[in-house]
Amino acid sequence: MSALIQGRTGEWEVVIGLEVHAQVISQAKLFSAAATAFGAAPNTQVSFVDAAFPGMLPVLNRFCVEQAVKTGLGINGRINLHSVFDRKNYFYPDLPAGYQISQFSQPIVSQGRLWLDLADGTTREVGITRLHLEQDAGKSLHDQHPTKTYVDLNRAGVALMEIVSEPDLRSAEEAGAYLRKLRSILRYLGTCDANMEEGNLRCDCNVSVRRPGGPLGTRCEIKNVNSVRFVMQAIEYEARRQVEVIEEGGTVVQETRLFDSGKGVTRSMRTKEESHDYRYFPDPDLLPLSLDAAWVESLKAGLPELPDAKKTRFMRDYKLSAYDAGLLVGERENADFFEAVAKGRDPKLASSWVTVELFGALNKAGKTIAESPVSPAALGELIDLIADGTLSGRLAKDVFAEMLASGKGARAIVAEKGLKQVTDTGAIGAAIDAVLAGEPDKIAEYRAGKEKLLAFFVGQVMKATQGKANPALVNQLLKKKLAG
Amino acid sequence: MALDKATVARIAALARIKVPETEVDTLAGELSKILTWVEQLNEIDVAGVEPMTAVTLARSPLREDHVADGGIVDKILANAPETANGFFVVPKVVE
Amino acid sequence: MTLTALTIGQARDGLRRKEFTARELADAYVRAMEAVRPLNVYLMETPDRALAAARQSDARLQKGEGLPLDGIPVAVKDLFCTEGVETTAASKILAGFVPPYESTVTANLWRSGALMLGKVNLDEFAMGSATISGARGPTENPWRRRGDNRPLVPGGSSGGSAAAVAARAALAATGTDTGGSIRQPASFCGIVGLKPTYGRCSRWGIVAFASSLDQAGPMTRDVRDAAIMLQAMAGHDPKDATSAPLPVPNFEAAVGRSVKGLRVGIPKEYRLDGMPTEIEMLWRRGIEWVKEAGATTVDISLKMTKYALATYYIIAPAEASSNLARYDGVRFGLRVPGESLEAMYENTRGHGFGAEVRRRVLIGTYVLSAGYYDAYYLKAQKVRTLIARDFDEAFKRCDAILTPTAPSPAFAIGEKMDDPIAMYLNDVFTVPVNLAGLPAISVPAGLSGDGLPLGLQVIGKAFDEETMLRVAAVLEDAAGFDAVPAFVAGSA
């Protein structure tokens, strides 16, 4: 279901393709043995190969190939057992050799698929054209000096996976969903940290507009947008910009644009008129890459359960809703946490405690699940106390707050604070009698029809019992007693 | 294939080589002659022939994922015409 | 005894018999290196380094622990990166570049005990067949035409290497061969030049010209010396992905083995129209020599021979245009300032590259560019497959191939200058070998009417340098080439 744009002259469909560059998790670079770790002093993680000194030669990193194959399998792609590295030739100071080693005509992965989880609960399949391996460039700093650019080659040669979607996306929302799903898969596989803000996942958006059912329009490329939110904003803006241009009688110029996140607009890049003739040809320093079918099979067998499969399983085995399952499987660590809590317990209860109470508290404290002060076992213990009637839901929340703050276990807190809920109808009855004895006027008002005073009475009883009375029983007994 | 001056200028720009105006004509002539000479390959029928992408028939050797290089910033910068604070320095790029 | 008249084989024996020391041998060559200055052979002399290494060689030889090349003074083509010693590729764009690393091939030589006399001249970036295009000018061939004083070219691109060995200003030299750059200068200078199978020697640390064609190889006085040098230079290098993961055979053992029963192919397409008679005659003599030694000759056909030069002059410039993109004034070498980055690039490369390099980089850029890739580069790569197939087919019927090395003897400096293609035709017999990745060797076999050396080429099967050396040794024996050039360094 696409979100059509209402123009002045009618409806427009947005056609979006995303090109993602994902930095591969590995110790060393794609073609050199220098380190990939982020944040080192300039040019300290650079080999002579990375700096393209005379006579230097590339040698391919086996693990980077493995990471690319795993990712290709994770996006349901076809792994090409034979692929070739090509040189992409252009001049730029952070591209020391004057060419980037990439893959052009025979990439390592073709034809993948991804399923988008949309807000209305539906899913939609989109195609992925290809995934290939290539070198990252170094960094050019233009702001260190008024007339000079400073170049750091630490990043030059780090392995990237370029993942190109088919132009199947039809809205900013879908683009966001695509990125979120892709990010989730990459993190599940451990092949990329996929953090756009840190720059290890970069996205170029190709946007065009057309009349529904009409031919494809001219597309513009919006480069290097560095968050999912900005991708969505950039697409929204660009689509409307193009519609306006066309409706005012102009034509969309095929060009590269940048997204100005401050102003929320896209701007044309002021580059020279030259055409980008990259003169691709197979890199003669490298032999074609030939993969063992058996090796690919073994990688496939060793893949972890991926988000879509996990979501399906959660819905089936734990009887969770699509929404709740979706919340849990976004990050593998969250899903694992949930399953540890849910083991041998009511999954619905586990789910709501994890997604509502725990996630809520972690978000507020700015912590990740790995930094949770409450372990799965501890949360499980709390849930057990609810299940066996020791705690009411309400009391459990109080105990949970205390667990977060002190790091102590539920049972310990209950014992310490004597927070066991009161379910003894006799005791509750006595507490109710005591409260009602002091509120004759209100009783009269209630009996006269002011039914919402029930809440007042419940509150008083809870207060009188330090919140320990089982609220359902209080309600039940109060109603009986008030009824006379 | 005869190359005109505009083509020579375009190729020289792609290759980032400044060719003095006084040399363009001669250069265009030389390049044209060479290209015409190599076009004798047009006589050959290569239907069904694979391009020779690698001279040897071996498979790509693969390297283990260990850090065994880098950490040599002084050597990396030692031959540079201009450096500052560990960076290479070039005239500013207009973006 | 003139120490510089000895071959490696003889010097090796002499050192072990303690007839002289490594120090004495090195001294003789250092003096020869000085004496050869008029020929503009050495770009950089490193006598201190040579003498220091000679001392170490003597220490080992004294203890009876001599390494295979201990005490052997070698000249290094200035295309091999030598750590701490300026390496320029004979180009202005690399002036002042001091590599912080040593090429694998030269490291192998030093590990075998050889010592470096200095870096010798070449055509700029190895592009040429005359050694006239280098930034520091041409090298002169130590040979002169009888009765003619005009300086001649030593061939190229490894002309400095060839001249050094021929003039006895080095006992051996390293060269590189992309289209004939070891073999053709060897032929022009009357010495032995060997290009091994592609992948036999590592390319790591050698300034790259055309990656799928470049190979390092030895240039020596005789065939045995070439085998000894190749033994040390060759070997798998994990830092070069195109390096063959094969063990190095005992090349020297092949020298002197009988060729009885071997079949030597004679390709009819190498008989060119207008080929100088004396070269045709030399080739016929070569055929007789191998027959007399017990081999049979077989007529073979290498149909695509006439297209090899055109194929080469598309593929080599294409790869070179990309390999030379790194010379941009940013990280090493020459920088010519400019008001903008682009101007700096264009000024640096415009000023830093000589005319031949510029021609080839532009041709290479053109044949890879949009719209032309299929017609030129892709087509050439397909023709290359056909050329390699020709050899595959031929080698089903023979074990080695015999041809002339060059279509002429050395020509005068200044000749063939008005037409780049005339220069390219020097490589007509050598280029097909690089396209097919095969090993080949040039052996001095006779003199031209003017008294200039002429070489014969033996081409072997891939990784079968041994059979090639066997045939080469037979030719060398039969030819009995003992002529000496007009200029011999240090001769009284």
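What counts and what doesn't
- Residues numbered from 1 in each chain as written.
- Chains lettered and ligands numbered in written order.
- Predicted model: local features only at pLDDT ≥ 70, side-chain atom pairs only at ≥ 80, totals over all residues.
- Helix = DSSP H or I, 4+ residues; strand = E, 2+ residues; numbered from the N terminus.
- Rg over C-alpha atoms; globule rule 2.2 N^0.38 Å.
- Buried ≥ 20, exposed ≤ 12 C-beta atoms within 10 Å, placed from the backbone.
- Contact = placed C-beta atoms within 7 Å.
- Core = buried A, V, L, I, M, F, W, Y, C linked by C-beta atoms within 7 Å.
- Arc of directions from axis to C-beta.
- Axes fitted to C-alpha atoms, helices over the stretch in contact; angles between N-to-C directions.
- Parallel < 35°, antiparallel > 145°, perpendicular 65-115°, else oblique.
- Left-handed = near helix turned anticlockwise from the far one by under 90°.
- Nonpolar A, V, L, I, M, F, W, Y, C, P; charged D, E, K, R; others polar.
- Pairing = 2+ DSSP bridges.
- Right-handed = clockwise from strand over helix to strand, strands pointing away.
- pLDDT = per-residue confidence, 0-100.

Asks: How do you make sense of the overall build of chain B when you look at a structure like this?
Replies: Along its length, chain B carries 3 helices and 3 strands. What you see in chain B, going N to C, is helices and strands ordered as α-α-β-α-β-β. Computed over the C-alpha atoms, the radius of gyration of chain B is 22 Å, more than 25% above the 12 Å expected from 2.2 N^0.38 for a compact globule of 95 residues. Along the first, second and third principal axes, the C-alpha set of chain B runs to 55 × 45 × 25 Å.

Asks: Even after reading the chapter, I still don't get the overall build of chain C, so can you show me in this structure?
Replies: Within chain C, the regular secondary structure consists of 16 helices and 11 strands. Projected onto the principal axes, the alpha-carbon positions of chain C cover approximately 65 × 50 × 50 Å. Looking at chain C residue by residue over its 492 residues, the buried ones come to 66%. The long-range fraction of contacts in chain C, counting pairs at least 24 apart against all pairs at least 6 apart in sequence, stands at 77%.

Asks: Looking at this structure, how should I read the nonpolar core?
Replies: Across soluble globular proteins, nonpolar side chains show a tendency to be buried alongside one another. A:Ala175, A:Cys205, C:Tyr29, C:Val74, C:Ala164, C:Ala170 and C:Val471 are the most contacted members of the largest nonpolar core, which totals 280 residues. In contact with C:Val471, other than residues within four places in its own chain, are C:Val259, C:Leu262, C:Val264, C:Val290, C:Ala400 and C:Val458. Grouped together as the second largest cluster of nonpolar side chains are 30 residues, A:Phe314, A:Val329, A:Leu358 and A:Ile383 included.

Asks: Help me understand the environment of C:Glu140, please; the structure alone is not making it clear to me.
Replies: Residue and element names in this part refer to chain C. Tracing the chain through its elements places Glu140 in the loop between β3 (115-120) and α5 (159-166). As a C-alpha pair, Glu140 and Pro151 span 11 residues in sequence and 6.0 Å in three-dimensional space. With residues near it in sequence (within four places) discarded, Glu140 still touches Leu39, Asn40, Pro151, Leu152 and Pro154.

Asks: I would appreciate a short explanation of the environment of C:Ser129 in the present structure.
Replies: Counting through the fold element by element, C:Ser129 comes out in the loop between β3 and α5. Here the alpha-carbon distance between C:Ser129 and C:Met423, two residues 294 residues apart in the chain, equals 6.9 Å.

Asks: Where do I start with helix α1 (residues 8-16) of chain C in this structure?
Replies: An α-helical turn contains 3.6 residues, so any two residues separated by three or four positions project in the same direction. All names here are of chain C. Of all the positions in α1, only Ile8, Ala11, Arg12 and Leu15 are classed as buried. The buried residues of α1 occupy one face: seen down the axis, they fall within an arc of 105°. Just past α1, the residue Lys18 takes up positive phi, approximately 60°.

Asks: I tried to follow unusual backbone geometry on my own but got confused; where do I start?
Replies: Omega for the peptide link from C:Gly156 to C:Ser157 comes to 5°, which places this bond in the cis form. Looking at where C:Ser157 falls in the secondary structure, it is placed in the loop between β3 and α5. Even without a glycine there, the phi angle at A:Arg279 is positive, about 50°. Note that A:Arg279 resides in the loop between β16 (265-268) and β17 (281-282). Here the phi dihedral of A:Lys319 falls at roughly 55°; this positive angle occurs in a residue that is not glycine. With respect to the secondary-structure elements, A:Lys319 resides in the loop between α5 (307-317) and α6 (322-329). The exposed category is assigned to A:Lys319, around which 12 C-beta atoms lie within 10 Å.

Asks: Sorry if this is basic, but what is going on with the packing of helix α2 (residues 21-38) of chain B against helix α12 (residues 355-368) of chain C here?
Replies: The geometry of α2(B) relative to α12(C) is characterised by a closest axis approach of 11 Å and an angle of 55° between their N-to-C directions. As far as their axial angle goes, α12(C) and α2(B) are oblique. Viewed along their axes, α2(B) and α12(C) form a crossing whose handedness is right-handed. Counting all contacts with α2(B), which are made through B:Glu30, B:Leu31 and B:Ile34, the residues of α12(C) involved are C:Arg359, C:Leu362 and C:Ile363. Looking at the contact of α2(B) with α12(C) residue by residue, the classes come out as 4 nonpolar, no polar and 2 charged.

Asks: Any chance you could explain the interface of chain B and chain A here in plain terms?
Replies: It is common to give the size of an interface as the accessible area that goes away when the parts come together. On the side of chain A, 40 residues touch chain B, which itself brings 33 residues to the contact. Within the residue set of the side of chain B that touches chain A, elements represented by two or more residues are α1 (5-14), β1 (62-63), α3 (73-77) and β3 (87-91) of chain B. For the side of chain B that touches chain A, the element with the most residues is β3(B), which contributes 5 residues. Residue classes in the side of chain B that touches chain A are distributed as 18 nonpolar, 7 polar and 8 charged.

Asks: Just checking my understanding: could you explain the interface of chain B and chain C for this structure?
Replies: Residue-level contacts link 37 residues of chain B with 52 residues of chain C. The element contributing the most residues to the side of chain B that touches chain C is α2(B), with 6 residues. Tallied by class, residues from the side of chain B that touches chain C come to 26 nonpolar, 5 polar and 6 charged.

Asks: I would appreciate a short explanation of the pairing of strand β8 (residues 296-300) of chain C in the present structure.
Replies: Each regular strand carries side chains that alternate between the two faces of the sheet. All names here are of chain C. With 5 bridges joining them, strand β7 (residues 263-267) and β8 adopt parallel strand pairing. Residue pairing in the sheet places Val264 in a bridge with Thr297 of β8. The β-α-β motif built from β7, the intervening helix α9 (residues 277-292) and the parallel element β8 has right-handed crossover chirality.

Asks: Before we go on, may I ask you to explain the sheet that holds strand β10 (residues 139-141) of chain A in this structure?
Replies: Strands belonging to one sheet form pairs held by backbone hydrogen bonds; the direction of such a pair is parallel or antiparallel. One open sheet accounts for 4 strands, arranged β10(A)-β11(A)-β3(B)-β2(B); its pairing is antiparallel. Each edge of the open sheet carries a strand with a single partner, namely β10 of chain A together with β2 (83-84) of chain B.

Asks: Help me understand the confidence of the model for chain C, please; the structure alone is not making it clear to me.
Replies: Interpreting fine coordinate detail is not advised for predicted regions of low pLDDT. Taken over all residues, the pLDDT of chain C has a mean of 96, while the share at 70 or more is 99%. Our summary of model confidence lists the complex with pTM equal to 0.93 and ipTM equal to 0.97.

Asks: When you look at the sheet that holds β7(C) in this model, what are you seeing that I'm missing?
Replies: All names here are of chain C. A sheet is described by the order of its strands in space; here 11 strands give the open sequence β1-β3-β2-β4-β6-β5-β10-β11-β9-β7-β8, paired in mixed fashion. Edge positions in the open sheet fall to β1 (42-45) and β8, since each of these has one partner strand only. Strand-to-strand twist of the sheet, defined as the mean angle between neighbouring strand axes without regard to direction, takes the value 30°. In this sheet, strand β4 (residues 172-177) lies alongside strand β2 (residues 73-77) in parallel orientation, the contact comprising 3 bridges.

Asks: Is there a simple way to think about the pairing of strand β14 (residues 220-225) of chain A in this case?
Replies: Residues and elements named next belong to chain A. In the sheet, strand β13 (residues 201-210) pairs with β14 via 4 bridges, with the strands oriented antiparallel. Looking across to β14, one finds that Cys203 is bridged to Val225. The sheet contact formed by β14 and strand β15 (residues 256-260) spans 3 bridges and is parallel. Looking across to β15, one finds that Glu221 is bridged to Thr256. With helix α3 (residues 228-247) bridging β14 and its parallel neighbour β15, the resulting β-α-β unit is left-handed.

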